[in-house]
Amino acid sequence: MVAITGNTVLILLIHFEIRLHTPMYFLLSHLSFIDILNICSIVPKMASNFTSGRKSISFAGCGVQIFFSLIFLSSECLLLSAMSYDRYVAICRPLHYPILMNHQISVLLAAGCWLVGTINSTIHTTYVLNLPFCGTRAIDHFFCEVPAMLKLSCIDTSHYEGGINVSGVVFLLLPFSIILASYYQILRTVLHIKSMEAQKKAFSTCSSHLAVVIMYYGPGIFTYMRPRSYHTPGQDKILAILYTILTPMLNPIIYSLRNKDVLCALKKVSGKLLVHRN
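Residues numbered from 1 in each chain as written. Predicted model: local features only at pLDDT ≥ 70, side-chain atom pairs only at ≥ 80, totals over all residues. Heavy atoms only, no water.

Named according to an unreviewed UniProt entry, the chain is Olfactory receptor originating from Sarcophilus harrisii. UniProt, in its Subcellular location (unreviewed entry) section for the chain, records the words "Cell membrane". (UniProt positions renumbered as here; feature names shortened; annotations may be inferred.)

Draft legend 1. Local environment of the layout of surface pockets. Within this model, the largest pocket holds a volume of roughly 440 Å³. Lys55, Ser56, Ile57, Ile139 and Cys144 are the residues nearest the centre of the largest pocket, which is lined by 21 residues in total. Listed by contribution, the elements that provide at least two residues to the lining of the largest pocket are helix 2 (23–52) and helix 3 (59–92). A total of five residues in the lining of the largest pocket trace back to one element, the largest contributor, which is helix 2. Residue composition of the lining of the largest pocket, grouped by class: 13 nonpolar, five polar and three charged. (1 Å grid on protein atoms, 1.4 Å probe; cavity = no way out; pocket = protein on both sides within 12 Å on 5 of 7 lines; lining within 4 Å. Points joined across faces, edges and corners; volume = space filled by probe spheres on them. Helix = DSSP H or I, 4+ residues; strand = E, 2+ residues; numbered from the N terminus. Nonpolar A, V, L, I, M, F, W, Y, C, P; charged D, E, K, R; others polar.)

Draft legend 2. Highlighting the packing of aromatic side chains. Under the criterion given, the structure shown has nine aromatic pairs. On the basis of an interplanar angle of 55 degrees and a centroid distance of 6.1 Å, the ring pair of Phe33 and Trp114 is categorised as tilted. Taken together, the residues span a long stretch of sequence, with Phe33 in helix 2 and Trp114 in helix 5 (residues 103–129) at a distance of 81 residues. When the centroid spacing of 6.4 Å and the interplanar angle of 65 degrees are considered together, the rings of Phe59 and Phe133 count as edge-to-face. Of the two residues, Phe59 sits in helix 3 while Phe133 sits in the loop between helix 5 and helix 6 (146–150), which places them 74 residues apart along the sequence. (Phe/Tyr/Trp six-rings, centres within 6.5 Å; stacked < 30°, edge-to-face > 60°.)

Draft legend 3. View of the state of the cysteines. Across all of its chains, the model carries one disulfide by this definition. A sulfur-sulfur distance of 2.0 Å marks the disulfide that ties Cys62 to Cys144. Residues Cys62 and Cys144 are joined through a disulfide that is left-handed, its torsion about the S-S bond being -125 degrees. Of the two residues, Cys62 sits in helix 3 while Cys144 sits in the loop between helix 5 and helix 6, which places them 82 residues apart along the sequence. No difference in accessibility class separates Cys62 from Cys144, as the two residues are buried. In this structure Cys113 is a free cysteine whose sulfur lies 9.9 Å from that of Cys77, the closest cysteine sulfur available. The exposure class assigned to Cys113 is buried, which follows from its relative accessible area of 5%. (Disulfide = S-S within 2.5 Å. Buried < 20%, exposed > 50% of the residue type's maximum accessible area, 1.4 Å probe, protein only.)

Structure follows, in structure tokens:
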């Protein structure tokens, strides 16, 4: 509820506040939308299993959960790198910002993240659901995730794990490297800014993004880039909680409390609501 409420408020603020109609906040609204969908694809079924005591899911339901969770996780990986590119252009090449990062380009970036994420999810979901599962079908996890499903297969999946590593490079290591390179250039540029107020604003915006990046990519890389033999159910569950539940819940808090533009928009909208009530 915290994640859905916070992200919904952030989306509405960005939609109704004209000051937030920029590529940066357009991408942020997509991040919030992905977080809402990701939470909704995992938590309701998990919660119903715990409350009912059944703790079961149909094969079709498991496939649907894998498909949508992979779309949202893959898309968010790419979207975070697109957001770092936006910050790089805004701070390091401000005069070229209207050309390099206008509304049309931000729409293309967002659409590309969704499209590539969907293609990646379709490939992995199709393969996993066609694996033969022998013996117990008890998934030692709180939702259907590819690494947990591979443990149930009765055939050698080492070749497929190579494909997971390729996806890990494309969706985790490459975007993470782009983000680090972008923020290295941003840091160099910010340190040369003479205005302390401009430095604080740049650091405030970028530090919130970096906090999200570390919380999201760290557990993701540790989960998907390790060999299957190194996976333990306890570790996988804790790591999955970080990037499927905790990060979507904290994203709106981080971006609102660390961002003056969002705080000003929130105060403005709250003031209008109070006036209307009176």
